[in-house]
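# Residue-level structural notes
So you can see what is in the structure, the chains are spelled out below.
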Amino acid sequence: MAFDLVVKNGMIVDGSGLPRYRGDVGVKDGKIAEIGRINGAATAETLDAEGHVVTPGFVDVHTHMDAQIFWDPIGTSSCFHGVTSVVMGNCGFTLAPCRESEADLVIRNLERAEDISRAAMKAGIKWRWETFPEFLDVLDSLPKGINYSGYIGHCALRTYVMGERAFTDEATEDEISTMAHHVREAIKAGAFGFSSTRSINHMTSDDKPVASRLATWNELETMVRAMAEVGSGTLEIAGAPSGTATETAAKYYDRLSSLAIETGRPVTFGLFSSRHSPDAWRRTLEVVDRVNSQGGRFIPQVHSRALNVLLSFETQLPFDKWDMWRDMRKLPLAEQKQWLLDADKRRRLVEIASRPYEGPEVLGTEARPPEWELTYALTDMRGPHKTMAELARQKNTHPVELMIDMALERDLKFFMIFPVANESQSDALELMKHPRSVVTFSDSGAHVSQIMDSSLQTHLLSHWVRDKQAFTLEQAVKMITCDNATQFGFHDRGLLREGMVADIAVFDPATVGPRMPEAVCDLPAGAKRLKQKCDGMKATVVNGQILLRDNEPTGALPGRLLRKKRH
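Residues numbered from 1 in each chain as written. Predicted model: local features only at pLDDT ≥ 70, side-chain atom pairs only at ≥ 80, totals over all residues. Heavy atoms only, no water.

## Digging into the nonpolar core
Defined as follows: Grouping buried Ala, Val, Leu, Ile, Met, Phe, Trp, Tyr and Cys residues that are joined through side-chain atoms within 4.5 Å yields what is termed a nonpolar core. For each residue, the accessible area found with a 1.4 Å probe, counting protein chains only, is set against the maximum for its type, and the residue is called buried under 20%, exposed over 50%, and partly exposed in between. A contact between two residues is defined here by any heavy atoms of the two lying within 4.5 Å.
Core analysis: the largest hydrophobic core is formed by 106 residues, its most contacted members being F70, F298 and F471. Filtering out sequence-adjacent residues up to four positions away, F471 remains in contact with L429, M432, K433, L460, W464, V465, A476 and M479.

## Observations regarding the pattern of salt bridges
Heads up, the rule is: In the sections that follow, a salt bridge refers to a side-chain nitrogen of Lys or Arg positioned within 4 Å of a carboxyl oxygen of Asp or Glu.
Evaluated as defined, the whole model comprises 49 salt bridges. Across the pair D483 and K478 runs a salt bridge, and its minimum N-O distance is 2.7 Å. For the salt bridge of R493 with D492, the shortest nitrogen-to-oxygen distance reads 3.5 Å. Using a relative accessible area of 33% as the deciding quantity, one classes D492 as partly exposed. When salt bridges that share partners are traced, they join D104, R108, E111, R118 and E164 into one network.

## Concerning the side chain of H62
This is how the line gets drawn: Counting from the N terminus, the helices are DSSP H or I runs at least four residues long and the strands are E runs at least two residues long. Here a polar contact is taken to be a pair of N or O atoms separated by no more than 3.5 Å, where protein atoms must pair a possible hydrogen donor with a possible acceptor and residues adjacent in sequence count only if both atoms sit in side chains.
Position of H62 among the secondary structure elements: in the loop between strand 6 (58-60) and strand 7 (83-88). Using a relative accessible area of 0% as the deciding quantity, one classes H62 as buried. Of note is the side chain of H62, whose polar atom sits 3.4 Å from the side chain of N90. Engagement of the side chain of H62 in a polar contact is seen with the side chain of Q301, the distance being 3.0 Å. Discounting residues that sit within four places of it in the chain, H62 has contacts with V87, N90, C91, E236, Q301, T440, F441, S442, D443 and S444.

## Some details on the environment of R198
Counting through the fold element by element, R198 comes out in the loop between strand 10 (193-197) and helix 6 (217-230). Counting along the chain gives 17 residues from R198 to A215, while the straight-line C-alpha distance between them is 8.6 Å. Among all residues touching R198, those that are not within four sequence positions of it are R213, A215, T216, W217, L220, I237, A238, G239 and Y252. A distance of 3.5 Å separates the side chain of R198 from the backbone oxygen of A215, its partner in a polar contact.

## Digging into the pairing of strand 16 (residues 415-421)
Put simply, side chains in a regular strand alternate between the two faces of the sheet. Heads up, the rule is: Note on pairing: two strands pair once DSSP finds at least 2 bridges between them.
Taking burial as the measure, the 7 residues of strand 16 include 7 buried ones, the bulk of the element. As paired elements, strand 14 (residues 307-311) and strand 16 share 5 bridges and run antiparallel to each other. Bridging from a neighbouring strand, N308 pairs with P419 of strand 16.

## Section: unusual backbone geometry
Here the residue pair T76 and S77 is connected by a cis peptide bond, since its omega of 5 degrees sits within 30 degrees of zero. With respect to the helices and strands, the residue S77 is situated in the loop between strand 6 and strand 7. Of note, the bond from A96 into P97 is cis; its omega dihedral lies within 30 degrees of zero at 0 degrees. Look at C91: it is not a glycine, yet its phi comes out positive at around 60 degrees.

Have a look at this one:
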């Protein structure tokens, strides 16, 4: 047989959890045609994987690349970390259905809740759709480096049907019926499912709840029953109260459990530990086990590390809206540096930053009031990292003074991290080890200047496999390939098997790991975001073509829109 690509001499970790073995992978017409020792066959391209492992491409089912796909087809930063397939449109946030004349309603939902620049969306998105099926057709036509799938989001659906009233009112019976019709049409067209949010963290820039937070429980149930009528689709929901200790949480999980059991539709949601409610996640997992034993299907999505808010002069600081800081932070970085070098201005800035916080409530991954005992200096990716309070005590100075000193030493390219969830790494490990959890939830495409979790897969491989030896390489690869693909219905991906789609990652297990993030201004309209590459990643293959070599694009754009098949 003549092959389009042969990946030679690698150590194959096939995604099943079975032990690794040495072999070659032959690819023909975008699929794996042969695995074994391939010698003497005609090959259009050969990739030498000597000293590397060869695995399925990683699958991430929680992203927000709905806007990014219009200006960044290869899917950075996820693609740099071996991700070949993603699901976008989570948490109720999509760009469709929506009339071009009402695009501002969709942008209003996304701008603050997901930290996606309004200017970038205005400049970077060419509107060519109204309904969700039309949106999928547009996505199908776009150049793509990786594979994309997406939910129809409750916020966009609600504003499409209700207009401005979506942010203030309950829907009428006729409006709920119209929404359900659009859900059925979206699922028939290949939508991955229906997503919604009830999270108190999801607010608009004018301090109103995003649209889906106004929905009654009956409205949500009707959308899920609409999916059940078609016989396909997953419910993804954000902002569920964690645990069952409160009456509100118990009622929520009772309703969600009944809905899952009644409709047969899978229900997935993020699950993190929190220092504010340390045992809540355990109670949630008890609900997960109970529902799955009763015929429903709950799929908790978990993370491989703490959910860290990144703080820096290049992106966001706790003091951005404080007196004097507010004026300085509007200036270019070079001028901010001059303020910090001015002794009098610096003294006043430190004095103001040392006061108790009296501003508005901080939500989600926005920069929060300083807690220096929980704020860590991110001087390298490996750690362990020391808190700013600890470092300041060592130098007999104030943490704000230290922050300014460390930033000036690095030309203001200095990051700090503040964990807002999964603060306990032992909890994070236990969450990952639970048999019903899936390791995903990068949020790629969202929170672009606030967090940098597109590297959760390579963090798993570097920190938990290589450094901590909490998982074998085979176990970890299975978690981010076969487990995610199987749980979410990508049945032709996630394994290296003859006949499967040739989505492949090739990396060095001894060196793979995320690099330090950097702030770049490469979004439309010059908007800023965080970007992060990876060490040790030799190649990423999508649908049989090499997308990246040593983290550099080859120019190939082999990605596809993955329409969910009805079953």
